[in-house]
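Analysis of the macromolecular model
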Amino acid sequence: MSASKTVVVIGGGHAGVEAALAAKRAGASAVLVTAEPDAISLMPCNPALGGVAKGTLIREIDALGGAMAAGADETSLQFRMLNMRKGPAVWGPRVQADSLCYPLFMRKMLDRSGIRIVKGLVVALRGGPDFFTGAELSDGGIVPGDAFVLATGTYLGGVLFMGGEKWPGGRYGGLSSRLLDSYLKTMFHVERFKTGTSPRVVTGTIRTDALEIQDDHDVRYRFSLDSKEGVRSLKKCHLARTNRRTAEAVRENAGRSPLIGKRIGGVGPRYCPSFEDKVMKFPERHSHPIHIEPVSETSRLSYINGLSTSMPQDVQYRMLRSIDGFEKAEIAAFGYAVEYSRLAWGEFGATLMLRGTDNLFAAGQILGTSGYEEAGALGLLAGANAARVALGFSAETPDRRSSYLGVMVDDLVAKGIDEPYRLFSSRAENRLHLRQDNAHLRMNSLGVKLGVLRGTRLSGVQRFEEQYEKAGLLLSEPLLNSLCRRPEITRECLEARCSALRELDEEAVQAAIIHEKYKGYVRRQDRRYLAARQHWNRPVPAGFRKSGISFEAVQAIEAGNPETLEEAFGLPGVKAADMEVLTIYAMAQGCST
Amino acid sequence: MTAANDVIAAIATPHGLSALAVIRLSGQGCSSLVECAAGLTRGRLKGMRRARLSFPNGGDMVALGWPPGKSYTGEEMVELICHGIPERVSAVYTVLIDAGARPALPGEFTSRAWKNGKLSDHEIFALAAAVETGTETEPIPSGLIRLQTEIGSALEALEGEIEFQDEACLSSVENDDVFLRCMREADMLVKNMHRIQRTESVYISGPVNAGKSTLFNTLGGKSIALVHPEPGTTRDGARTELRIGERRFILIDTPGFGGEGIDRDALETVMEMITEHDTIVWLSPDGKDAPALLRGKSKRLIQAVSKSDTHQISGLRLSSVTGEGIAALKEKLFLRSIVPIEEKAMQIAALIREANRHVIEEPAIAASLLGEAEAAVEELTGCRHGLHAVERALSVLCVGK
């Protein structure tokens, strides 16, 4: 079958791969252009997938037919369910992935889907400024297409830093797409972000007997409904702690750090700081935990999670060897920082189409996010929408109320960000509803709308839904129902009381139990949400200038002169945070204190 | 296009003749702008410095310079202190604008101070309220602010526990402590309800000769307003304090509508005085509804029929002669002002208590309930924490694998 329309994806990272696969599922043919075909789906930072909120996002990717979930199951080395004792609303499935096998698995998925991979460095787009017709390569070749997805990651104008050195590149040993960066700057407002990574150490040179073992969780779990076998725990991880001498190594060499010396202008993530940052910002803390994670089952290297640094090589050695168990450790690859370009706020909308264009989309770090999972989910949306636009359909947007994907897109588009964006469960107002157990139920309608759920994937989800509804019916019996809300009652307990549950799919029963548990609270949140929106028909309060909204928003409101809060929110420059402040201010003025 | 820290200038003292006037500048490069404009050597005003200088047509003056971080706005700032002769002041101001300073927007210095962390949200709110309504506004009760802060810290702790349990190097967040403080503050709030009061304005309005001033004197218990059977006697709004229970109100008499000639002005005067959060008592001797214009102005409008001793029209019947309906009106005013906030305080306390029960086993439920309590408190204080709980947690926790 040859599709008549082609989506060209620029970049072969986690966003690019999901974009190409989604475009294909949505009915277009897909071409993936990358300068490094051997580095597709690489994990240039920590070899792990999932976590709180992020794990749920992987489930959402699976529910939309994406590949990351199956990849996580297939290449898992160790599984942990984060927050296991804190209630299923915030469970965070996380695996150590085999970072050598994962790219092979993804490459297999691409080949199996019939996606053409073109080796080349994209320097510009042909056509424009609104409708694009091809991607121009550095060797002069053109890759023609009907829609385009930019998934450039850290490669867009990428600059690497280590100590006093600085050189162009998107990752260690990788190229930098400088020309594409200059080309995009002619059309869009671009800002700089920064991130970094930790050194890799030869595992045999670490005295692991001196370290704490990080235990895995022996539970049956699978990210993908398609996986026959779920995650596996094959490898041990270890935990070490830095000490005063590690911090001293940083302090004594502060002047040689490109970060502390402010040679890097880009903004880095607060939640994933470099070790230099930790030492300088929290001087009272003498010890920080360091996780030693296997890179692969077949690799002799370990990733030193928590020691992200861009210090010169001799300082990296001094830092590392100061840690108990690392006295003789050998570094195989040094840590470094990378600064890259991303599109500024307002340059893309909720369909991930770029402002003022008709067929150009973007996903991943170019939109300001960080993390493999965030990139994958955005890639999936951008790829599917690119295909839809190419095929003459309308592009779709996810809903903030029903998915983390929707929360993320809304945060990026409506709120705007000022540092690399990571998904947290608390970013979702109705986090009690956005859980990993019900991802397939929540995403179903978006999947169908986007046209990415078809054939066996769709019937798989439908079967799950059916089983879930059957379980729900059984659990509506009052006694069972009240038991669902007790934290100590497990699925097994309920099955012992109602054997009919045993006939049903385990995961569907679990999801139905968790649904009963949170139902009341979820409804309560919904009511609050609706109540808050109801205030939006209030007039813009006269004292809006003093309400604490941003100066930008004040100017926008003065210029636009909107009557109601809702109209104000429609103005460019008024962000969601301003809306919250303004609504509260308006309510306080109307309330009788 | 205005940058976030471009140089802004404003005359900081009121217009008119005075001994001294102050012109203020803030923003990156403002000291060199003044140095250039006044022909001083470069760098003369850098840091905490004082200099004498003179401007064409502006005479001699003193300039004070603040380095970034030390000033009111947190930016580089210069204050020029000159003689308060209006012509001179505006001449100096014009030179500064010509030199590249931008006239500041209303509240822009303060907004910069807030952005740069020099003023808290609470301070901004109190300041805004004070500027808006003169000195009559009481600041937000400190108990309410403490409660808001405590709920904020409890949420921060919870979010830190949920998001970063595996990666943060925390020495275990002491949720219990935070929650105890939270509950204590909520209980105090309920107990001290009577201390929470913001003086409310109650406008008595109605057609001419409806008996507004008579009601005013009856309620206020004094003869302040000039009462006369001749319609249109009241020209300016007399005001007095009215106490009902533990609540305080400012009672304001207004000129009547519906006469001839001068009454257009009367309507305009009244409309200008009243804001949307004031209470209006609409008084009419014939039971007619308040004009739409007035009804649109305030959602809190009480309609009453005056001179009930002379007719049988139904409604909230008031008579200053027999005293009919006066107690009912007082009760209405009292209930409207106190019930929502008292109820809310109890709701908040209950939410915090329930949240506390879920902290260990279901922190997400606890956070949801606490979020609801936070939103309720925000409604009372009118100020919202600019940052999301998880972002606040990030600024105090050393997080990151």
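An account of the accompanying structure is given in this report.

1. Description of the packing of helix H15 (residues 506–534) of chain A against helix H11 (residues 363–381) of chain B
Where H15 of chain A contacts H11 of chain B, the axes come no closer than 11 Å and their chain directions differ by 25°. As the angle between them shows, H15 of chain A and H11 of chain B are arranged roughly parallel. By crossing handedness, the relation of H15 of chain A to H11 of chain B is classed as left-handed. For the pair H15 of chain A and H11 of chain B, contact is made by Tyr 518, Tyr 521, Arg 524, Gln 525 and Arg 528 of chain A and by Ile 365, Ser 368, Leu 369, Gly 371 and Glu 372 of chain B, respectively. Grouping the amino acids of the contact of H15 of chain A with H11 of chain B by side-chain chemistry returns 4 nonpolar, 3 polar and 3 charged.

2. Observations regarding the environment of Ala 328 of chain B
Following the sequence through the fold, Ala 328 of chain B ends up in helix H10 (residues 326–358). Taking the C-alpha atoms as reference points, Ala 328 of chain B and Leu 316 of chain B, 12 residues apart in sequence, are found 8.2 Å from one another.

3. Details of the sheet that holds strand S7 (residues 122–127) of chain A
All names here are of chain A. Spatially, the 3 strands line up as an open sheet ordered S7-S8-S9, and their pairing is antiparallel. In the strand order of this sheet, the two ends are held by S7 and strand S9 (142–144), each with one partner. Here the average twist between neighbouring strands, direction ignored, is 25°. Two strands pair when backbone bridges link them, and strand S8 (residues 132–137) and S9 are joined in this way by 3 bridges, in the antiparallel orientation. Opposite Gly 134, over in S9, you have Pro 144 as the bridge partner. Contacts from helix H5 (residues 178–185) reach S7 and S8 within the one sheet, and its direction differs from that of S7 by about 40°.

4. Structural notes on the sheet that holds strand S19 (residues 331–333) of chain A
Residues and elements named next belong to chain A. Strand order in the open sheet made by the 6 strands is S15-S16-S17-S18-S14-S19, with antiparallel pairing throughout. Each edge of the open sheet is held by one strand with a lone partner, namely strand S15 (212–214) and S19. Strand-to-strand twist in this sheet, taken as the mean axis angle between neighbours without regard to direction, amounts to 40°. With 2 bridges connecting them, strand S14 (residues 200–202) and S19 associate as antiparallel partners. Pairing of Val 201 across the sheet is with Ile 331, part of S19.

5. Overview of the state of the cysteines
Residues and elements named next belong to chain A. Under the criterion given, the structure shown has 0 disulfides over all chains. Cysteine Cys 484 remains unbridged, with the sulfur of Cys 498 as its closest cysteine sulfur at 10 Å. Of the residues examined, Cys 484 reaches a relative accessible area of 2% and is grouped as buried.

6. Looking at the pattern of salt bridges
Applying the stated criterion across every chain, the model contains 48 salt bridges over all chains. Asp 6 of chain B is the partner of Arg 112 of chain B in a salt bridge, and the nearest nitrogen-oxygen pair spans 2.6 Å. Of the two residues, Arg 112 of chain B sits in helix H3 (residues 108–115) while Asp 6 of chain B sits in the segment before strand S1 (8–11), which places them 106 residues apart along the sequence. We classify Arg 112 of chain B as buried; its relative accessible area is 4%. Across the pair Arg 353 of chain B and Asp 187 of chain B runs a salt bridge, and its minimum N-O distance is 2.7 Å. One end of the pair, Arg 353 of chain B, is in helix H10; the other, Asp 187 of chain B, is in helix H6 (residues 175–191), and 166 residues separate them in sequence. Classification of Arg 353 of chain B by relative accessible area gives partly exposed; the value is 37%. Where salt bridges share partners, they join Arg 220, Arg 491, Glu 492, Glu 495 and Glu 506 of chain A into one cluster.

The rules behind each value
Residues numbered from 1 in each chain as written. Chains lettered and ligands numbered in written order. Predicted model: local features only at pLDDT ≥ 70, side-chain atom pairs only at ≥ 80, totals over all residues. Heavy atoms only, no water. Axes fitted to C-alpha atoms, helices over the stretch in contact; angles between N-to-C directions. Helix = DSSP H or I, 4+ residues; strand = E, 2+ residues; numbered from the N terminus. Parallel < 35°, antiparallel > 145°, perpendicular 65-115°, else oblique. Left-handed = near helix turned anticlockwise from the far one by under 90°. Contact = heavy atoms within 4.5 Å. Nonpolar A, V, L, I, M, F, W, Y, C, P; charged D, E, K, R; others polar. Pairing = 2+ DSSP bridges. Disulfide = S-S within 2.5 Å. Buried < 20%, exposed > 50% of the residue type's maximum accessible area, 1.4 Å probe, protein only. Salt bridge = Lys/Arg side-chain N within 4 Å of Asp/Glu carboxyl O.

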